[in-house]
Protein chains: 2
Amino acid sequence: MKKSIGIHERLYPNPVVLVSSSFDGIDNIITLAWAGTVCGGPKMISVSIRPSRFSHQLISGSREFVINIPTKSQVDICKYCGKNSGRNVNKFKKLNLTKHIPSVINTPLIKECPINIECRVKDIIKLGVHDLFIGEVVYVNSDEEIIYEDGDIDYEKLDTISYCMGKYFKNVLI
Amino acid sequence: MKKSIGIHERLYPNPVVLVSSSFDGIDNIITLAWAGTVCGGPKMISVSIRPSRFSHQLISGSREFVINIPTKSQVDICKYCGKNSGRNVNKFKKLNLTKHIPSVINTPLIKECPINIECRVKDIIKLGVHDLFIGEVVYVNSDEEIIYEDGDIDYEKLDTISYCMGKYFKNVLI
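Predicted model only: the values in this text are computed from it and were never measured.

Participant: Honestly, the overall build of chain A in this entry has me stumped. Any pointers?
Facilitator: Of the regular secondary structure elements, chain A holds four helices and 13 strands. For chain A, whose C-alpha radius of gyration is 16 Å, the value lies close to the compact-globule estimate of 16 Å for 174 residues. Each principal axis of the C-alpha distribution contributes one length, and for chain A these read about 55 × 40 × 35 Å. Relative to its 174 residues, chain A shows a buried fraction of 48%. For chain A, the proportion of contacts with a sequence separation of at least 24, taken over those separated by at least 6, is 63%.

Participant: How should I be thinking about helix H2 (residues 75–83) of chain A in this particular structure?
Facilitator: Each α-helix turn comprises 3.6 residues. Residues three or four places apart therefore point the same way. Residues and elements named next belong to chain A. For H2, the complete set of buried residues consists of Ile77, Cys78 and Cys81. Down the axis, H2 shows its buried residues gathered within 100° of arc, on one side only. Exposed residues pointing more than 90 degrees away from the buried face of H2 are listed as Asp76 and Lys83. Tucked inside the fold, the buried residues of H2 contact strand S3 (17–23), strand S4 (26–32) and helix H3 (91–94).

Participant: Help me out: how do you make sense of the relation of the copies chain B and chain A in this one?
Facilitator: Relating one copy of the chain to the other takes a rotation about an axis and a shift parallel to that axis. The two copies are related by a screw motion: chain B maps onto chain A through a turn of 180° and a shift of 0.0 Å along the axis, at an RMSD of 0.0 Å. As the rotation angle and translation indicate, the two copies are arranged about a two-fold axis. Comparing contact sets, 100% of the residues at the interface of chain B also lie at the interface in chain A, consistent with an isologous, same-surface contact.

Participant: Can you help me understand the interface of chain B and chain A in this one?
Facilitator: Listed by partner, the interface residues are 62 residues for chain B and 62 residues for chain A. Elements that contribute at least two residues to the side of chain B that touches chain A include exactly strand S1 (2–4), strand S2 (14–15), strand S5 (35–40), strand S6 (43–49), strand S11 (131–143), helix H4 (155–158) and strand S13 (167–173) of chain B. Among the elements that make up the side of chain B that touches chain A, the one with the highest residue count is S11(B) (eight residues). A breakdown of the residues in the side of chain B that touches chain A according to their chemical character gives 33 nonpolar, 19 polar and ten charged. Sheet analysis places strand S1 (residues 2–4) of chain A next to S11(B), joined by three bridges and oriented antiparallel. Paired with Lys3(A) across the strands is Ser142(B), a residue of S11(B).

Participant: Just to check I follow, could you spell out the sheet that holds S13(B) for this structure?
Facilitator: The pairing of strands in a sheet comes from backbone hydrogen bonds and takes either a parallel or an antiparallel form. If you walk across this open sheet you meet the six strands as S2(A)-S12(A)-S13(A)-S13(B)-S12(B)-S2(B), and the pairing is antiparallel. Here the strands that pair on one side only, and so sit at the sheet edges, are strand S2 (14–15) of chain A together with S2 of chain B. With two bridges connecting them, S2(B) and strand S12 (residues 161–164) of chain B associate as antiparallel partners. Counterpart to Pro15(B) in the pairing with S12(B) is Ser162(B).

Rules and cut-offs
- Residues numbered from 1 in each chain as written.
- Chains lettered and ligands numbered in written order.
- Predicted model: local features only at pLDDT ≥ 70, side-chain atom pairs only at ≥ 80, totals over all residues.
- Helix = DSSP H or I, 4+ residues; strand = E, 2+ residues; numbered from the N terminus.
- Rg over C-alpha atoms; globule rule 2.2 N^0.38 Å.
- Buried ≥ 20, exposed ≤ 12 C-beta atoms within 10 Å, placed from the backbone.
- Contact = placed C-beta atoms within 7 Å.
- Arc of directions from axis to C-beta.
- Least-squares fit on C-alpha atoms with pLDDT ≥ 70 in both.
- Nonpolar A, V, L, I, M, F, W, Y, C, P; charged D, E, K, R; others polar.
- Pairing = 2+ DSSP bridges.

Structure below.
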């Protein structure tokens, strides 16, 4: 039997990303599950952020952001960066995360995350309580350790996570 | 050490959804990994589809679609619906999938999928080789079996999957 479970807006599950931003000398990190791959040419990823969030302000100012892919061992970092505002705390410092120099844009990568995707904002679309940032991918950085010699990714080492409704999942190859 | 792995557009990993569509008496299913949760109010989910796909034509015509959440046991269905066009085959019939009556819109749900999210198209945004369909969630149907008495979801029974670069992952609670 099918039944209604209310009008929820979420997928089952969502990816989890740590988005770093930088504007006017201030760097920040926000955890987002509302992110999506949206275009294959030009290559684009979207993230949804409420206007009240500090990262919204920084990314709107700089028109760029980095999608840092966390691993299973970084769930506590994800929880912290999702619950605390960069207006009150320097999250890089608080969490002992290392700023790594980006390749193309000016926003620091999170060195401890194995994949870091540099994006330039192409558009900001007002949808409702969230704004949709469309980011064009301009560079993808990866830790050497997670790449096989043939260029493929070792997903066991990458060890990604997903998220739904306060719960985190590890992703296991099938 | 960080190194470039080329300019890829993808998240690690993406969700996997079976999107059903219906227009002019024809029903279809397409597998998509390029889907995202995009707004919490009004509640919205996006999917990216190339204009050449048959589902693009159907959803553009009907202005509605259903996001059906597949389980680990349905990976072969996902592979089939991602590789074959509804122009050449009736996928519901070919895969012995059951059309379930929707609650609000006119597009059939895939009964065998435990969660079915009915969406009306709010906007179609041309990004490049993909168009981004912004869908407002108007009803969420769920199998009774995956819901606890308190309304929470039993994620072990839901048994969702994720996708990246041709590889499927099962999602395990951590």
